[in-house]
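Results of the structural survey
These are the residues of each chain, in order.
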Amino acid sequence: MVEAFDVFGNPHGRQHAYGRAAADAVDRARSQVAGLVGAYPQRIVFTSGATESCNLALRGAARAAPPERRRIVTLATEHAAVLETVEDLRRQGFEAIVLPVGSDGLVDCNRLEDTVDDKTLIVSAMAVNNEIGVIQPLTEVAAICHRHGTLFHTDATQAPARIEVDVEAWGADFLSMSSHKLYGPKGVGALYVADDALLRPMSTGGGQERGLRAGTVPTALVCGFGAAAELATDDRPEDAERMVGLAATLRTGIDALDSDVHYFGSLQARAPGTLSFGFRGISGDKLVAMVQTEIAISTGAACSTGNAKASHVLTALGCTHAVALTGVRVGLGRFTTEADVEVALGAFRRAVRVAA
């Protein structure tokens, strides 16, 4: 990125050496990001992040939709970038169906099959849930979609740093991602687009990114994204194996605490390094506050003006309001060590004792 900051040319202007240097840098990054997800470079559209990518996929597909396809299907555990966009499209006249998930966080593919028909435009299902780490059966979801001529979008923001991503094997028509989930810079992301004809742009004014996303591409951010993507591609197998071991150590230690613990979501269909749980009688907000000087974790709930609001993901699993409010999310990553896990277990142990 430091080198890219010295590339002053506009990457969309190849008429002179400065523009060509910037364009070459962006082309290299596009290839690196494409390699991360098993795509051809020309299928990658750079955006400001996964939120914009999800919006472009859903709103762009809606703008390009034939008149007979007015149904949009998604899951109750999706990120707000999808749920709020689908709701907005409902207000614009589309039929929006939000399917429930099981207590394990997984979609019932039989129910999905009964929902998707020749009136369905697109199905959006997250690859790896951002709160509970559950991996949806994407190939089955895509197969159901394509049997009915329906498009399939997956918000894969949490996936590339943790599991292998292959857009062809998954059968994705659109795939959203963000750089910062790969340890790259914030403010840049990408959308994989299987066929440009499936979308209409949300913004116009220059024809950049094959006419799908107007605006000058931020060369330095894109180069940082490309470098992070290449590192993730090379290091992912080793990182994933290590995170599986650390997560097992963490869970064993949590189970050994003298407290009633509830794990959220499937413990089998789960990306390595993500664990969501709650201790009975200890709110997630309280637990975060008790351990914040030692470790950084987050809740599955949000507080606003003193009123606790349960996570929509945890309530979608069938949890009661009280149980959902206990939820915390622990993420392990490339830089997490065994010593960090021991510190976390010590912090949880002290918190449980204090709260007893």
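In the block above lies the structure referred to throughout.
Residues numbered from 1 in each chain as written. Predicted model: local features only at pLDDT ≥ 70, side-chain atom pairs only at ≥ 80, totals over all residues. Heavy atoms only, no water.

Let's talk about the sheet that holds strand β8 (residues 261-263)
The strand order across the open sheet formed by 4 strands is β8-β9-β13-β10, and the pairing between neighbours is antiparallel. Strand pairing shows two members of the sheet lacking a second neighbour, β8 and β10 (298-299), which therefore form its edges. Pairing of strand β9 (residues 274-279) with strand β13 (residues 328-331) involves 4 bridges; the strand directions are antiparallel. Paired with T274 across the two strands is G331, which belongs to β13. (Pairing = 2+ DSSP bridges. Helix = DSSP H or I, 4+ residues; strand = E, 2+ residues; numbered from the N terminus.)

Topic: the side chain of T274
Mapped onto the elements, T274 comes out in strand β9. In this structure T274 touches E131, I132, G133, R162 and V330, once residues within four positions along its chain are discounted. (Contact = heavy atoms within 4.5 Å.)

Quick look at the pairing of strand β4 (residues 120-124)
Burial of β4 is extensive: 5 of the 5 residues sit out of reach of the surface. For strand β2 (residues 71-75) and β4, the ladder comprises 4 bridges, and the chain directions are parallel. Its bridge partner lying in β4, R71 is registered against T120. Pairing between β4 and strand β5 (residues 151-155): 3 bridges, direction parallel. (Buried < 20%, exposed > 50% of the residue type's maximum accessible area, 1.4 Å probe, protein only.)

Here's the deal with the pattern of salt bridges
With the rule as written, the count across this model stands at 18 salt bridges. For R30, the salt bridge identified is with E209, shortest N-O distance 2.9 Å. Of this pair, R30 sits in helix α2 (residues 17-37) while E209 sits in the loop between β7 (189-193) and α8 (219-255), and the two are 179 residues apart along the sequence. One exposure class covers both R30 and E209, and it is buried. (Salt bridge = Lys/Arg side-chain N within 4 Å of Asp/Glu carboxyl O.)

Here's the deal with the packing of aromatic side chains
Working definition: an aromatic ring pair is given by the centre-to-centre distance plus the angle between the planes. Summed over the entire model, instances satisfying the criterion amount to 6 aromatic pairs. Both rings, one in Y183 and one in F335, keep their centres 5.2 Å apart while their planes meet at 80 degrees; by these two values the pair is edge-to-face. Taken together, the residues span a long stretch of sequence, with Y183 in the loop between β6 (174-178) and β7 and F335 in the loop between β13 and α12 (338-355) at a distance of 152 residues. Here the aromatic residues Y263, F277, F279 and F348 are joined through ring pairs into a cluster of three or more. Stacked on the ring of F94, the Lys or Arg R70 has its end atom at 3.8 Å from the ring centre. One residue, R251, lies across the ring of Y263, its end atom 4.9 Å from the ring centre. (Phe/Tyr/Trp six-rings, centres within 6.5 Å; stacked < 30°, edge-to-face > 60°. Lys NZ or Arg CZ within 6 Å of the ring centre and 35° of its normal.)

A closer look at the packing of α2 against α8
Two numbers describe how α2 lies on α8: the axes approach to 8 Å, and their chain directions differ by 30 degrees. On the basis of the axis angle, α2 is roughly parallel to α8. Considering the relative orientation of α2 and α8, their crossing is left-handed. Listed contacts from α8 to A22, A25, V26, A29, Q32, V33, G35 and L36 of α2 are T219, V222, C223, F225, G226, A227, A229, E230, A232, T233 and R236. The class makeup of the residues in the contact of α2 with α8 is 12 nonpolar, 5 polar and 2 charged. (Axes fitted to C-alpha atoms, helices over the stretch in contact; angles between N-to-C directions. Parallel < 35°, antiparallel > 145°, perpendicular 65-115°, else oblique. Left-handed = near helix turned anticlockwise from the far one by under 90°. Nonpolar A, V, L, I, M, F, W, Y, C, P; charged D, E, K, R; others polar.)

Re the packing of helix α9 (residues 284-291) against α12
A pair of packed helices is captured by two measures, namely the crossing angle of their axes and the spacing between those axes. Between α9 and α12, the least distance of the axes is 9 Å, while the angle of their chain directions is 120 degrees. Our classification of the angle between α9 and α12 gives oblique. Judged by the twist between their axes, the crossing of α9 over α12 is right-handed. Where α9 approaches α12, its residues L287, M290 and V291 are matched on the opposing element by A347, F348, A351, V354 and A355. For the contact of α9 with α12, the residue count by class is 8 nonpolar, no polar and no charged.

Concerning the environment of G38
Turning to its location among the elements, G38 is positioned in the loop between α2 and β1 (44-47). Assessed through its relative accessible area of 39%, G38 is described here as partly exposed. Distance in space between the C-alpha atoms of G38 and R63 is 27 Å, their sequence separation being 25 residues. Setting aside anything within four residues of it in sequence, one finds G38 in contact with V165, D166, V167 and E168.

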